[in-house]
Amino acid sequence: MKLTLFTCTVTALLSVMVALPIGYLLSRYDFRGKALIDAVLDIPIVLPPLVVGLSLLILFNKMPPWEWLGIDGPSFEEMFGKIFGPFMPEGMDAGITYKVPAVILAQFTVAAAFAVRTMRNTFDQISPRAEQVALTLGCNRAQAFIRVVVPEAWRGVSTAGTLAWTRAMGEFGPILVFAGTIRGRTEVLSSSVFLEISIGNLEGAVIVSLMMVSIAVVVLIAVRMWGRESRKKFVL
Amino acid sequence: MIGIAVMYLLLIGGMLMADVFYSVSNVGWEEFKAILADEYIQS
């Protein structure tokens, strides 16, 4: 439960950080390659979850990019270990595959795609007029974005974060392949259900499922109420 | 923020490229066709 809350929160924060600039870019600017980026962002949504996990596993573990270039270099996993290894507590190694970072990465890959879609729709609905006025009053692009656009899009940001959080909680396929379902180490709620079923403990699986259903319902109701309040304010 | 966004795009692109390159470099075309025909198309 603790690991689930931790990984989902980190995933949601990272997803919002990715969704804000990409959503804004896709909504406000026309540039060459926009259709390609748009299509690439949909890939984690349309790919089968197990394929996402397998691709991540190959990318981080088996496929150092140097190999294609004919250079003998470390894999992403080894690079990660070299960079973060000295900062890890004693007795813990800084790996990715089959460890907690893999859980976050697997959740983030899919959840961020949903957050980007939500943020893009939010920016599409916000008129660019206010930021144009801010630009004429002396703000530069970054200031206009932070002081005008982000406050206007705040409800969209919270919706994107909530969606990413709930999507991360329900993620299972990529975690199974990329992080494994190791009891007490990379076990999140969704993988607990799988583990309980695999040992024939249906009661345990049902209880964990019920917990997930409850969390999902609470979050959905909260988001709906938030949305209704914002609509009322908009009408007034 | 922009850095993380760029890294996310690279992650998705890299994921796909890794899948394709790993398949190409580890499974020959003939083997690929044979596995596909024997295991999946006929079943």
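Residues numbered from 1 in each chain as written. Chains lettered and ligands numbered in written order. Predicted model: local features only at pLDDT ≥ 70, side-chain atom pairs only at ≥ 80, totals over all residues. Heavy atoms only, no water.

Draft legend 1. Layout of the overall build of chain B. Across its full length, chain B holds 2 helices and 0 strands. Counting over 43 residues, chain B shows a buried share of 16%. Element-wise, carbon and sulfur atoms account for 70% of the exposed surface of chain B, whose accessible area totals about 3100 Å². (Helix = DSSP H or I, 4+ residues; strand = E, 2+ residues; numbered from the N terminus. Buried < 20%, exposed > 50% of the residue type's maximum accessible area, 1.4 Å probe, protein only. Areas by Shrake-Rupley, 256 points an atom, 1.4 Å probe, with all protein chains shown as cover.)

Draft legend 2. Just the interface of chain B and chain A, in detail. On the side of chain A, 26 residues touch chain B, which itself brings 17 residues to the contact. Summing both partners gives a buried area of about 2000 Å² for chain B against chain A, and 88% of it is carried by carbon and sulfur. The largest per-residue losses of area from chain B upon contact with chain A belong to Met1, Tyr8 and Met15 of chain B, which jointly make up 33% of the total buried on that side. For the pair chain B and chain A, the interface holds 0 salt bridges. (Contact = heavy atoms within 4.5 Å. Buried area = accessible area lost by both parts, 1.4 Å probe. Salt bridge = Lys/Arg side-chain N within 4 Å of Asp/Glu carboxyl O.)

Draft legend 3. Layout of the packing of helix α2 (residues 34–46) of chain A against helix α6 (residues 100–125) of chain A. All names here are of chain A. Two numbers describe how α2 lies on α6: the axes approach to 7 Å, and their chain directions differ by 130 degrees. The orientation of α2 with respect to α6, classified from their angle, is oblique. Taken as a pair, α2 and α6 cross one another with a handedness that is left-handed. Between α2 and α6, the contacting residues are Lys34, Asp38, Leu41, Asp42, Pro44 and Ile45 on the first element and Thr109, Val110, Ala113, Phe114, Val116, Arg117 and Arg120 on the second. (Axes fitted to C-alpha atoms, helices over the stretch in contact; angles between N-to-C directions. Parallel < 35°, antiparallel > 145°, perpendicular 65-115°, else oblique. Left-handed = near helix turned anticlockwise from the far one by under 90°.)

Draft legend 4. Spatial organisation of helix α9 (residues 154–170) of chain A. Over its 17 residues, α9 of chain A runs 25 Å from end to end, which matches the ideal 24 Å to within 8%, given 1.5 Å per residue. When we look at burial in α9 of chain A, the residues that qualify are Gly156, Val157, Ser158, Ala160, Gly161, Ala164, Trp165, Thr166, Ala168 and Met169 of chain A. (Expected span 1.5 Å × (residues − 1).)

Draft legend 5. Geometry of the pattern of salt bridges. Residues and elements named next belong to chain A. Using the criterion set out here, one finds 9 salt bridges over all chains in the structure. Arginine 28 is the salt-bridge partner of glutamate 131, the closest N and O atoms lying 2.9 Å from each other. Residue glutamate 131 is located in helix α7 (residues 129–136), and its partner arginine 28 is located in helix α1 (residues 2–28); the two are separated by 103 residues in the primary sequence. We classify glutamate 131 as buried; its relative accessible area is 4%. Note on arginine 28: relative accessible area 21%, which makes it partly exposed. Arginine 183 is the salt-bridge partner of glutamate 196, the closest N and O atoms lying 3.3 Å from each other. A residue pair is termed long-range when its members are at least 10 positions apart, and glutamate 196 in helix α11 (residues 189–198) and arginine 183 in the loop between α10 (173–178) and α11 qualify at 13 residues. Assessed through its relative accessible area of 13%, glutamate 196 is described here as buried. The network of salt bridges with shared partners includes Asp38, Asp42, Arg117, Arg120 and Asp124.

Draft legend 6. Expanded view of the nonpolar core. Within the largest apolar cluster, 62 residues are counted, with the highest numbers of intra-cluster contacts made by Phe178 of chain A together with Tyr8 of chain B. Take this core: its biggest share by element is 13 residues, from α6 of chain A. Leaving out residues up to four positions away in the same chain, phenylalanine 178 of chain A has contacts with Gly53, Leu56, Leu57, Phe60, Ile96, Thr97, Tyr98, Ala102, Leu105 and Ala106 of chain A. (Core = buried A, V, L, I, M, F, W, Y, C linked by side-chain atoms within 4.5 Å.)

Draft legend 7. Quick peek at the side chain of threonine 4 of chain A. Residue and element names in this part refer to chain A. Relative to the assigned elements, threonine 4 resides in helix α1. With relative accessibility at 2%, the residue threonine 4 sits in the buried group. Residues in contact with threonine 4, not counting those within four places in the same chain, are Met169, Val188 and Leu189.

Draft legend 8. Main features of the environment of leucine 25 of chain A. Residues and elements named next belong to chain A. Looking at the secondary structure, you find leucine 25 in helix α1. Since its relative accessible area comes to 34%, leucine 25 is described here as partly exposed. Expressed as a C-alpha distance, the spacing of leucine 25 and phenylalanine 123, which sit 98 residues apart in the sequence, is 9.4 Å.

Draft legend 9. Structural detail: the packing of aromatic side chains. Residues and elements named next belong to chain A. Enumeration according to the criterion identifies 7 aromatic pairs over all chains in this entry. Geometrically, the ring pair formed by tyrosine 24 and phenylalanine 123 is edge-to-face, given 5.4 Å between the ring centres and 80 degrees between the ring planes. Here tyrosine 24 is found in helix α1, whereas its partner phenylalanine 123 is found in helix α6, with 99 residues between them in sequence. Each member of the pair, tyrosine 24 together with phenylalanine 123, is buried. Measuring from centroid to centroid gives 4.8 Å for tyrosine 24 and phenylalanine 145, while their planes differ by 65 degrees, and the two rings are edge-to-face. With tyrosine 24 in helix α1 and phenylalanine 145 in helix α8 (residues 141–152), this residue pair connects regions lying 121 residues apart in the sequence. A connected cluster of aromatic rings, assembled from ring pairs, spans Tyr24, Tyr29, Phe123 and Phe145. (Phe/Tyr/Trp six-rings, centres within 6.5 Å; stacked < 30°, edge-to-face > 60°.)

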